[in-house]
Amino acid sequence: MGNILLLALLGAIFYYVFKSYARYETYSKETFKDFSISYDSLKKNELGLFVALSAKVAKADGRVDALEAELISNMLDDISSVFPEPHKAKAILKDIFNEEKNRTDNIEHLAHALSHATKRSQAMQHQFMQFLIQLSFADGEVTKSEETILATIAEAMQFDPNAYHAIFDQFEQMMQNVQPKQSLEDAYKLLGVSPNDDMATIKKAYRKLVRQYHPDIIKSQGKSESYIEEATQKTQEINQAYEMIKKARG
């Protein structure tokens with residue numbers, strides 16, 4: 001009887017530990033079913049903290065370009081989808097992003113808070129850092145200011161320097177492997193449009209493809225590390241094709 005009680009107790013402990021760990025490993029509607037949506041609650045939540053840090057990275061080079069804006073809009077859709085009242089959550093997350101993108105005085109504070117909120121899961125911290133690095137590569141290159149902010153975040157989170165540089169180097173290598181479209185015909189084909197289509201139609205096709213291939217921070221959970229890199233590479237190819245068509249049309 002004593003052994004049975006001991007096993008039951010150990011089982012309960014392991015269940016509690018697993019449940020606590022899983023809270024930081026995956027995000028779903030079930031995770032946040034009792035979450036009270038407000039500006040303060042979202043700003044303190046790890047997903048809100050991640051949005052705030054994403055704003056720092058996106059605006060690090062002085063502006064948020066078209067592809068970054070598209071990726072951020074999609075990211076906000078992904079994140080807000082797991083909260084009750086997704087439209088309300090997205091509106092607040094967007095406010096957090098816009099307020100934080102012009103601030104540089106609280107980067108370390110936010111990174112410390114994110115590290116603390118995800119301390120039970122190194123995998124989740126790795127995923128967040130990977131997405132921030134991915135965002136810095138969205139416009140094709142990483143500026144010195146972007147690299148400085150990324151390094152500040154990584155240091156404040158006490159993120160393994162070797163893991164950080166490994167992720168960064170992987171994205172750098174990936175960008176070198178992105179093949180530019182050799183012709184307008186290739187660009188039109190990649191976007192699935194015709195040279196006879198107007199720019200409104202082409203832009204709609206472009207945005208649809210970016211949404212289809214953008215790295216989804218929610219759905220990426222449980223997938224291989226190459227998922228974000230492959231999605232980023234495909235997004236870059238789509239963006240290059242769109243830019244080539246825009247340039248050709250003046």
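It should be emphasised that the depicted structure is a prediction, and the values quoted were computed from it without experimental measurement.

1. Concerning the overall build of the chain
For the chain, the helix and strand inventory stands at twelve helices and zero strands. In the chain, which comprises 250 residues, the share counted as buried stands at 45%. Across the chain, every contact between residues at least 6 apart in sequence was considered, and the portion connecting residues at least 24 apart equals 77%. Carbon and sulfur atoms form 53% of the exposed surface of the chain, whose accessible area is close to 13400 Å².

2. Side note on helix α10 (residues 184-191)
An α-helix turns once per 3.6 residues; consequently, residues spaced three or four apart project the same way. For α10, every residue scored as buried is listed here: Ala-187, Tyr-188 and Leu-191. With its buried residues spanning 95 degrees around the axis, α10 presents them on a single face. Turned more than 90 degrees away from the buried face of α10 sit Glu-185 and Lys-189, all of them exposed. Considering only its buried residues, α10 is in contact with α11 (199-213) and α12 (226-248). Residue Gly-192 follows α10 closely and has a positive phi angle near 70 degrees.

3. A word on the side chain of Asn-106
Secondary-structure assignment places Asn-106 in the loop between α5 (86-100) and α6 (107-117). Look past the residues within four positions of Asn-106 in its chain and what remains in contact with it is Lys-56 and Glu-100.

4. As for the nonpolar core
Nonpolar side chains in soluble globular proteins tend to end up buried together. If you look at the biggest cluster of nonpolar residues, it comprises 56 residues, and the most contacted ones within it are Ile-79, Phe-83, Ile-133 and Ile-153. Mapped by element, the contributors of at least two residues to this core are α3 (46-58), α4 (66-80), α5, α6, α7 (122-136), α8 (144-156), α9 (161-177) and α12. The element best represented in this core is α3, accounting for nine residues. Dropping the residues within four chain positions of it, Phe-83 is found in contact with Lys-29, Phe-32, Phe-35, Ile-37, Leu-42, Asn-45, Leu-47 and Ala-89. Of all hydrophobic cores here, the second largest spans 16 residues; its members include Leu-71, Ala-138, Ala-187 and Leu-209.

5. Regarding the packing of α7 against α8
Direction vectors running N to C along α7 and α8 enclose 175 degrees, while the axes themselves pass 10 Å from each other. Between α7 and α8, the interaxial angle falls into the category roughly antiparallel. Residues Met-129, Leu-132, Ile-133 and Ser-136 of α7 form the contact with α8, whose own contacting residues are Glu-146, Leu-150, Ile-153 and Ala-154. Split by residue class, the contact of α7 with α8 holds six nonpolar, one polar and one charged.

6. Focus on the confidence of the model for the chain
For the chain, mean pLDDT is 84; residues scoring 70 or higher make up 86% of the total. Scored below 50 in pLDDT, residues 5-25 shows 17 contacts in the model against residues more than four places distant or in partner chains.

7. A closer look at the environment of Lys-56
Checked against the element boundaries, Lys-56 lands in helix α3. Measuring from C-alpha to C-alpha, the distance between Lys-56 and Glu-100 comes to 6.7 Å, with 44 residues separating the pair along the chain. If we ignore the near neighbours within four places in the chain, the residues touching Lys-56 are Glu-100, Arg-103, Asn-106, Ile-107, Leu-110 and Ile-149.

8. Brief notes about the packing of aromatic side chains
Using the criterion set out here, one finds nine aromatic pairs in the structure. Where Phe-32 meets Phe-35, the ring centres are 5.6 Å apart and the plane angle is 85 degrees; that geometry is what we call edge-to-face. Plain terms: the ring middles of Phe-32 and Phe-83 are 4.4 Å apart, the flat faces sit at 45 degrees to each other, and that makes the pair tilted. Separated by 51 residues along the polypeptide, Phe-32 in the loop between α1 (2-25) and α2 (39-44) and Phe-83 in the loop between α4 and α5 bring together distant segments of the chain. The structure contains a cluster of three or more aromatic residues connected by ring pairs, namely Phe-137, Tyr-164, Phe-168 and Phe-171. Geometry around Tyr-213 places Lys-234 over its ring, the cationic atom sitting 5.3 Å from the centre.

9. Focus on α3
With 13 residues, α3 extends 18 Å between its outermost C-alpha atoms, agreeing within 8% with the 18 Å of an ideal straight helix rising 1.5 Å per residue. A side-chain oxygen of the first residue of α3 lies 2.8 Å from the backbone nitrogen of Leu-47; this N-cap is Asn-45.

10. Things to note about unusual backbone geometry
One non-glycine residue, Glu-85, lies in the positive phi region at around 55 degrees. For Glu-85, a relative accessible area of 48% gives the class partly exposed. Backbone geometry at Gln-158 places phi at a positive 55 degrees, although glycine is not the residue there. Positionally, Gln-158 belongs in the loop between α8 and α9. Taking the relative accessible area as the measure of exposure, Gln-158 reaches 71% and is therefore exposed.

Rules used throughout
Residues numbered from 1 in each chain as written. Predicted model: local features only at pLDDT ≥ 70, side-chain atom pairs only at ≥ 80, totals over all residues. Heavy atoms only, no water. Helix = DSSP H or I, 4+ residues; strand = E, 2+ residues; numbered from the N terminus. Buried < 20%, exposed > 50% of the residue type's maximum accessible area, 1.4 Å probe, protein only. Contact = heavy atoms within 4.5 Å. Areas by Shrake-Rupley, 256 points an atom, 1.4 Å probe, with all protein chains shown as cover. Arc of directions from axis to C-beta. Core = buried A, V, L, I, M, F, W, Y, C linked by side-chain atoms within 4.5 Å. Axes fitted to C-alpha atoms, helices over the stretch in contact; angles between N-to-C directions. Parallel < 35°, antiparallel > 145°, perpendicular 65-115°, else oblique. Nonpolar A, V, L, I, M, F, W, Y, C, P; charged D, E, K, R; others polar. pLDDT = per-residue confidence, 0-100. Phe/Tyr/Trp six-rings, centres within 6.5 Å; stacked < 30°, edge-to-face > 60°. Lys NZ or Arg CZ within 6 Å of the ring centre and 35° of its normal. Expected span 1.5 Å × (residues − 1). Polar contact = N/O pair within 3.5 Å; in protein donor to acceptor, adjacent residues only side chain to side chain.

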